[in-house]
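Reading the structure
These are the residues of each chain, in order.
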Amino acid sequence: YKTFKGKSWQKATAAAAFGFPGICFGMFIIMNIVALSQGSSDAVPVTTMIVLLVLWFGISTPLVFFGAYFGYKQEAIEFPVNTSSIPRQIPDQPWFMGVPFSLIVGGILPFGACFVELYFILASVWTDQYYYVFAFLLLVFGILIITCAEITVLFNYFQL
């Protein structure tokens, strides 16, 4: 915040301490009220809500303010290079760097990696051949995560 010449660090700290957690807690309260009004057994007990408030205001909020105080006492980060004020022309990108190709490949590759595995799992379920479906689903999920990570690294490298 100090590097970008921010002036009101107290307001930014208060927004960080109360803004996002407040929105999340508010949505949680609303969903819990709806669950209670419908008589659901999934509703969170009042004591748990009080514990969450104590965690928020007793641990999270003071840590945000302590971190902001000590962070503001530090020197601002100095960048090792200066940017040039002379604009340079950006060259045209090749066809495989466009948005449509990136969207298609970024979606097809993870889908293709998981589709074959899920096809075999569902085919075995449909033919009444049960085996460790959840273990294979965990394996497919791992393959999906690895494939998505590889695609992310690849397209980030392409964009450099």
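The preceding data block contains the structure.
What counts, and where the lines are drawn
Residues numbered from 1 in each chain as written. Predicted model: local features only at pLDDT ≥ 70, side-chain atom pairs only at ≥ 80, totals over all residues. Heavy atoms only, no water. Helix = DSSP H or I, 4+ residues; strand = E, 2+ residues; numbered from the N terminus. Rg over C-alpha atoms; globule rule 2.2 N^0.38 Å. Buried < 20%, exposed > 50% of the residue type's maximum accessible area, 1.4 Å probe, protein only. Contact = heavy atoms within 4.5 Å. Areas by Shrake-Rupley, 256 points an atom, 1.4 Å probe, with all protein chains shown as cover. Lys, Arg positive; Asp, Glu negative; His and termini not counted. Charge placed at Lys NZ, Arg CZ, Asp CG, Glu CD. Expected span 1.5 Å × (residues − 1). Bend = angle between axes of the 7 residues up to and from the residue. Axes fitted to C-alpha atoms, helices over the stretch in contact; angles between N-to-C directions. Parallel < 35°, antiparallel > 145°, perpendicular 65-115°, else oblique. Left-handed = near helix turned anticlockwise from the far one by under 90°. Nonpolar A, V, L, I, M, F, W, Y, C, P; charged D, E, K, R; others polar.

1. Observations concerning the overall build of the chain
- Scanning the chain for helices and strands turns up four helices and zero strands.
- Reading the helices (α) and strands (β) of the chain from amino to carboxyl end gives α-α-α-α.
- Its C-alpha atoms give the chain a radius of gyration of 25 Å, clearly above 15 Å, the size a compact globule of 160 residues would have.
- Taking the principal axes of the C-alpha coordinates as reference, the chain spans close to 65 × 60 × 25 Å.
- Counting only residues that meet the buried cut, the chain has 16% of its 160 residues in that class.
- Within the chain, residue pairs in contact and separated by at least 24 positions form 65% of the contacts whose partners lie at least 6 positions apart.
- Carbon and sulfur atoms make up 73% of the accessible area of the chain, which amounts to about 13200 Å² in all.
- Of the side chains in the chain, 6 bear a positive and 7 a negative charge, and the two mean positions are spaced by 30 Å.

2. What about helix α1 (residues 9-37)?
- With 29 residues, α1 ought to run about 42 Å at 1.5 Å a step, and its terminal C-alpha atoms sit 41 Å apart, in line with that.
- Of all the bends in α1, the greatest measures close to 30° and is centred on Gly22.
- All of the buried residues along α1 are Trp9, Thr13, Ala17, Phe25, Asn32 and Ala35.
- Lining the buried residues of α1 we find α2 (46-73).

3. Some thoughts on the packing of α1 against α2
- One can describe the packing of α1 onto α2 by two numbers: an axis separation of 9 Å at closest approach and a directional angle of 160°. As far as their axial angle goes, α2 and α1 are roughly antiparallel. Handedness of the α1/α2 crossing: right-handed. Side by side, α1 and α2 meet where Trp9, Thr13, Ala14, Ala16, Ala17, Phe18, Pro21, Gly22, Phe25, Phe28, Ile29 and Asn32 of the first sit next to Met49, Leu52, Leu53, Trp56, Phe57, Thr61, Val64, Phe65, Ala68, Tyr69 and Tyr72 of the second.
- Looking at the contact of α1 with α2 residue by residue, the classes come out as 19 nonpolar, four polar and no charged.

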